[in-house]
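# Chain and residue survey
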Amino acid sequence: MSEYYPGKIAVMGGGSWATALAKLLLRNCPSIIWYMRRQDRIDEFLRLRHNPAYLTDVVFDTDRIHFTCDINEAAELADTLLLVMPSPYFKSHLAKLTADISGKCVVSAVKGIVPDDNEPVTSYMEKHYGVSPDRITVIGGPCHAEEVALDRPSYLTIGCDDIARAEAFAHCLSGNNIHTITSTDVTGIEFAAVLKNVYGIAAGIIHGMKCGDNLLAMTVSNSIREMRLFLDAASPREDRRICESVYLGDLLVTAYSRFSRNHNFGSMIGNGYSVRAARMEMEQTAEGYYGTKCMHDINKIYKVPMPILEGVYDILYRGVAPAKAIKRMCVDFI
């Protein structure tokens, strides 16, 4: 591992998670490159010295940020690309990328599957952009952008096939209230990040329906069991401990936190909103909506019994009434 890694880092995305990670990076790095799709948003950022749309209380030293709305400029200037786009828009962002990034390092903070292709970001970047797996790193939780902005104690898991690369990038994010853990379970971290969003929706639906804490606890405990069964089928590892923070911890914070978009999205549906109305009401993307369909399709390959995933899929994509889907789902609880 070269001491030069990760070199110049480009944050690719302009949402709340991108803003939180940029805040962490600027505590440990002299400067960053920041790609945002809209020039007007960049102009407002420079004028206000904070992101005009997300985590507006976080003030930045903009003299240390090279902003650009040109994704190819960002890619060419950077040594490491930190991808922080919502998964539904991931391909549309990268469709503009013509620069050769096969020799770059890539860090994925995308908490979702690439839609239509139904594959994790790491596989997609290897297949379509020629980035080798040992140059791809992933970031897992449990960590909400809002709590990073509030300087609350937060925890990140950094995964890479090359553990030295994971440790080097972890150092870029670490701080007084940011604790980092490293791992080589890249595929497990990616799939867990998608599934916990699905289960966060399930928890939100149960909360919105006022079914009570007992059922919610059973749903969450069965969710981690369901996650373990899928991970063991899709990416078996003897050293994976499902109760570690990147799996169970991230699931818990997504299922219970008031900052969880997926929980809030599910709660609206449980309260009687249609799926369409809940999506329109959400100010930010609920990744689990898209992740549910992706994981449903992926599980056609593995055929793992996943009643919670199927229950959420029934509600979101088949129009099944939440009460009926939840009742059917609970039959398989243990």
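Description of the structure in this document. Just so it is clear, the model here is predicted, and its values are computed rather than measured. (Residues numbered from 1 in each chain as written. Predicted model: local features only at pLDDT ≥ 70, side-chain atom pairs only at ≥ 80, totals over all residues. Heavy atoms only, no water.)

## Observations concerning empty space enclosed by the protein
Tallying each qualifying case throughout the model produces 2 cavities of 30 Å³ or more. Roughly 40 Å³ of volume is contained in the largest cavity. Taken together, Ser108, Val110, Lys111, Val138, Ile139, Ile189, Glu190 and Ala193 form the lining of the largest cavity. Every element with two or more residues in the lining of the largest cavity is listed here: β6 (136-140) and α8 (186-208). It is α8 that provides the largest number of residues to the lining of the largest cavity, a total of 3 residues. Residue composition of the lining of the largest cavity, by class: 5 nonpolar, 1 polar and 2 charged. (1 Å grid on protein atoms, 1.4 Å probe; cavity = no way out; pocket = protein on both sides within 12 Å on 5 of 7 lines; lining within 4 Å. Points joined across faces, edges and corners; volume = space filled by probe spheres on them. Helix = DSSP H or I, 4+ residues; strand = E, 2+ residues; numbered from the N terminus. Nonpolar A, V, L, I, M, F, W, Y, C, P; charged D, E, K, R; others polar.)

## Here we look at the nonpolar core
Within the largest apolar cluster, 51 residues are counted, with the highest numbers of intra-cluster contacts made by Met227, Phe230, Phe265, Met295 and Leu316. When residues of this core are traced back to their parent elements, those giving at least two are α8, α9 (213-234), α10 (245-256), α11 (261-270), α12 (275-281), α13 (287-302), α14 (307-317) and α15 (322-330). Considering each element in turn, this core owes the most residues, 13 residues, to α8. Among all residues touching Met227, those that are not within four sequence positions of it are Ala192, Leu195, Lys196, Tyr199, Ile242 and Tyr247. Listed in part, the 40 residues of the second largest apolar core include Cys29, Leu82, Ile139 and Leu156. (Core = buried A, V, L, I, M, F, W, Y, C linked by side-chain atoms within 4.5 Å. Buried < 20%, exposed > 50% of the residue type's maximum accessible area, 1.4 Å probe, protein only. Contact = heavy atoms within 4.5 Å.)

## Concerning the packing of α8 against α10
At their nearest, the axes of α8 and α10 sit 8 Å apart, and the two run at 30 degrees to each other. As far as their axial angle goes, α10 and α8 are roughly parallel. Crossing of α8 against α10: the hand is right-handed. From α8, Gly188, Ile189, Ala192, Lys196, Asn197, Tyr199, Gly200 and Ala203 reach across to α10, where they touch Val246, Tyr247, Asp250, Leu251, Thr254 and Ala255. Split into classes, the residues belonging to the contact of α8 with α10 amount to 8 nonpolar, 4 polar and 2 charged. (Axes fitted to C-alpha atoms, helices over the stretch in contact; angles between N-to-C directions. Parallel < 35°, antiparallel > 145°, perpendicular 65-115°, else oblique. Left-handed = near helix turned anticlockwise from the far one by under 90°.)

## Some points on the packing of aromatic side chains
Within this structure, the stated rule accounts for 13 aromatic pairs. Among the aromatic side chains, those forming a connected cluster through ring pairs are Phe265, Tyr289, Tyr290, Tyr313 and Tyr317. The aromatic ring of Trp17 is capped on one face by Lys111, whose charged end is 4.3 Å from the ring centroid. (Phe/Tyr/Trp six-rings, centres within 6.5 Å; stacked < 30°, edge-to-face > 60°. Lys NZ or Arg CZ within 6 Å of the ring centre and 35° of its normal.)

## Observations regarding the sheet that holds β6
Backbone-to-backbone hydrogen bonds pair the strands of a sheet. The strands run either parallel or antiparallel. Strand order in the open sheet made by the 8 strands is β3-β2-β1-β4-β5-β6-β7-β8, with mixed pairing throughout. Taken across any chain shown, the strands that pair with only one partner, and hence form the sheet edges, are β3 (65-68) and β8 (178-183). Across this sheet, the average inter-strand angle for adjacent strands is 20 degrees, counted without regard to direction. The pairing of strand β1 (residues 9-12) with strand β2 (residues 32-35) spans 3 bridges and is classified as parallel. Considered in β2, the bridge of Met12 is made with Tyr35. (Pairing = 2+ DSSP bridges.)

Distances and angles like these do not, on their own, reveal function.
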